[in-house]
Amino acid sequence: MGADQLREPHGGTIVNGTAGNSMPQGFQHPMGVEEFRKHGKEMVDFICDYHANHLQEAPVRSNVEVDYLRRCVPASAPEEGEDFNAVLTDVQRTVLPGVTHWQSPNFFAYFPANSSYPAMLGDMLSSAFNVIGFSWISSPACTELEAVVLDWLAKLLDLPPAFLTVGPDNTKGTGGGVIQGTASEATLVALLAARAQKLKGRDAADALKLVAYTSDQAHSCVMKACMIAGIQHVRVLPTSAQHDWALQSQVLQEALEQDEQQGLLPFFLCATAGTTSSCAIDSLELLGTLARQHSLWMHVDAAYAGVAAICPEHRQAHEGLHLAHSFATNAHKWLLTNFDCCCLWVADAEPLKAALSLTPVFLRAKGNALDYKDWQVPLGRRFRSLKLWFVLRCYGQRKLQEYIRHHIALATSFAARVRSHPAFEIMAPPRFGLVCFALKGQGNEVNKALLESLNQTGRVFLVGTELGGRFTLRMAIGSATTQAHHVEAAWQLICQHAEQMLANGQHSSIAN
Ligand SMILES: *Cc1c(COP(=O)(O)O)cnc(C)c1O
């Protein structure tokens, strides 16, 4: 590429043709390449200051009122373009107060949404290329890097070889990986593939007989996928504290037999390796065996915990994964890759294409190149593998393992604090970076009040869940910058608020 092509991609004027038949004047963008160079550097400074200063001081959970923003911005877009610095000033003034700081080291809510500088730089480059890589030819690098990077990650996680695009013997198999936006999309795509496979060669009316199975601990995206796909029968199977909230194969078997007796058509099982609520782990070995016996497609949702398999000692949850047809984990939760980056692998891509491939004339390609548009719901797709590639290369296996172990060690020591404190109890076995706990012998209202009083301080942000009808606090440790002293301070804060709450409770019960 010539230097002058680089200089003004948007600013150049078009040389006009013959007199009287001239082309229109060129369009001048308010921000040309030199302005971008300048503001781009300012933006990096802004981001660095945000990380170094603002994140350390601001309340973790935003405390604005509903509709706060409308009150501080104009009702309509400006007639004339404004100075970029004016925009940045308004980010500071109006946007920042309404940001809940997911990148705060004191963010312990939901599951983490990691970011890292290599990922941000990869994302920036993806924005700059801004290719729409739906087919191989629409941007060969976009497709090929994605296949390579997902093979890399599959090997780091020690996934079954069937999930690789290019297997250990250096040949292409039937499977492969693809980046989806979210785990919810991955679940939907798996379900659509399973449906296509089951209905192949059958009567259209059989679609109404399809039955999908999951547990009451599965993410709501499973139910949503069933809603979208119009699945008439969904069995949300019960779990219990006795089995640590994992789906029991016995329970699945009974449901399958009942449905088969009724002439229904079981087709899909979504197992979870690390549930959102308590990080429960379904036995893939037992469920997978049953799924094979009954010709079900088993999808494994490991949105959060799947990446822990980068450490050999944290691979127990994946025992039996070779029995799964598809597996998804989010690099955008706990693997330092900015949202969105859900990695989905399938052992056989044919059912996926059967469900999702439609090729209008203008998209028809020669040969059998990989066209990722056939592996997802939308047509367009971003160059998302860049950010994951940057992360895998800049950190390397060793640092990524150290990173996962760091958070698990923090969670383990937090759980030990909770256990040794007489006022608290552990509500589910601590797993990975998640510790579920509650005030012992106190009702749901007291535990909810404790959570709210903690969050109101702005010094931490946690969310709750319900386990067997009991309100439970969730301490999800996994922010990219969380260190031992942050967890220690959070624990001190929790103790202090709990003691205050219990003292007030006693006081009011004496007064009554
Ligand atoms: C977070 C989570 C999801 C949803 O993830 P998205 O990528 O936001 O769709 C699904 N399943 C599990 C187990 C999760 O923890």
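Going by what an unreviewed UniProt entry lists, the protein is known as Tyrosine decarboxylase and is assigned to Symbiochloris irregularis. Annotation of the protein in UniProt includes, under Sequence similarities (unreviewed entry), the sentence "Belongs to the group II decarboxylase family."

Undergrad: Hey, could you run me through the sheet that holds strand β3 (residues 233-237) in this one?
TA: Within a sheet, neighbouring strands are paired by backbone hydrogen bonds and run either parallel or antiparallel to one another. Spatially, seven strands are ordered β1-β7-β6-β5-β4-β2-β3 in an open sheet, and the strand pairing comes out mixed. At either margin of the open sheet sits one strand with a lone partner, and together these are β1 (176-180) and β3. Geometrically, the sheet is characterised by an average inter-axis angle of 20 degrees between neighbouring strands, direction not taken into account. Across five bridges, the pairing between strand β6 (residues 326-330) and strand β7 (residues 342-346) is antiparallel. In the sheet register, S326 faces β7, and the bridge partner there is V346. Each of β2 (210-215), β3 and β4 (265-272) is contacted by helix α8 (residues 249-261), which is oriented at about 165 degrees to β2, the strand it contacts most.

Undergrad: Explanation requested: the site of the ligand in the structure shown.
TA: Taken together, 13 residues are adjacent to the ligand, and A183, S184, D301, N330 and K333 come closest. Contacts to the ligand include S184, whose side-chain N or O atom sits 2.6 Å from an oxygen atom. At 2.9 Å from an oxygen atom of the ligand is found a side-chain nitrogen or oxygen belonging to K333. If the ligand stood free it would expose 390 Å²; the protein chains cover 87% of that surface. Looking at the shell around the ligand, the elements with two or more residues in it are α6 (183-199) and α10 (331-334). Among the residues making up the shell around the ligand, the classes are represented as three nonpolar, eight polar and two charged.

Undergrad: I keep staring at the sheet that holds strand β10 (residues 463-467) and nothing clicks. Help me out?
TA: With antiparallel pairing, four strands are arranged side by side in an open sheet as β8-β9-β11-β10. Since the sheet does not close on itself, it has two edges, and those belong to β8 (424-426) and β10, each with one partner. Looking at each pair of strands side by side, their axes are set apart by 40 degrees on average, direction ignored. Sheet topology note: the strand β9 (residues 434-439)/strand β11 (residues 470-476) ladder contains four bridges and is antiparallel. Bridge assignment links F437 to a residue of β11, and that residue is L473. Each of β8, β9 and β11 touches helix α12 (residues 385-420); the most contacted strand, β9, lies at about 15 degrees to it. Each of β8, β9, β10 and β11 is contacted by helix α13 (residues 444-456), which is oriented at about 30 degrees to β11, the strand it contacts most.

What counts and how
What you see as residue numbers is a count from 1 along each chain, following the sequence as written. Confidence filtering applies because this is a predicted model: local features only for residues at pLDDT of at least 70, side-chain atom pairs given and counted only at 80 or more, and all residues used for totals across whole chains, interfaces and linings. The side-chain values count all of the structure's non-hydrogen atoms but skip hydrogen atoms and water molecules. UniProt positions are given in the numbering used here, feature names are shortened, and annotations may be inferred rather than shown by experiment. Strands are labelled as partners when DSSP assigns at least two bridges between them. Note on conventions: DSSP H or I runs of at least 4 residues are helices, E runs of at least 2 residues are strands, and numbering of each starts at the N terminus. Here, axes are lines fitted to C-alpha atoms. For helices the fit covers the stretch in contact, and angles between N-to-C directions go from 0 to 180 degrees. Should any heavy atoms of two residues lie within 4.5 Å, those residues are counted as being in contact. Distances are taken per atom, and a residue is near a molecule or strand as soon as one of its heavy atoms is within 4 Å of it. Under this definition, polar contacts are N or O atom pairs within 3.5 Å; protein pairs additionally need one hydrogen-donor-capable and one acceptor-capable atom, and for neighbouring residues in sequence, both atoms have to be side-chain atoms. For every accessible area listed, the method is Shrake-Rupley and the probe measures 1.4 Å; residues are considered covered only by the protein chains on display. Residue polarity is assigned by list, with Asp, Glu, Lys and Arg as charged and Ala, Val, Leu, Ile, Met, Phe, Trp, Tyr, Cys and Pro as nonpolar; anything else, Gly included, falls into the polar class.

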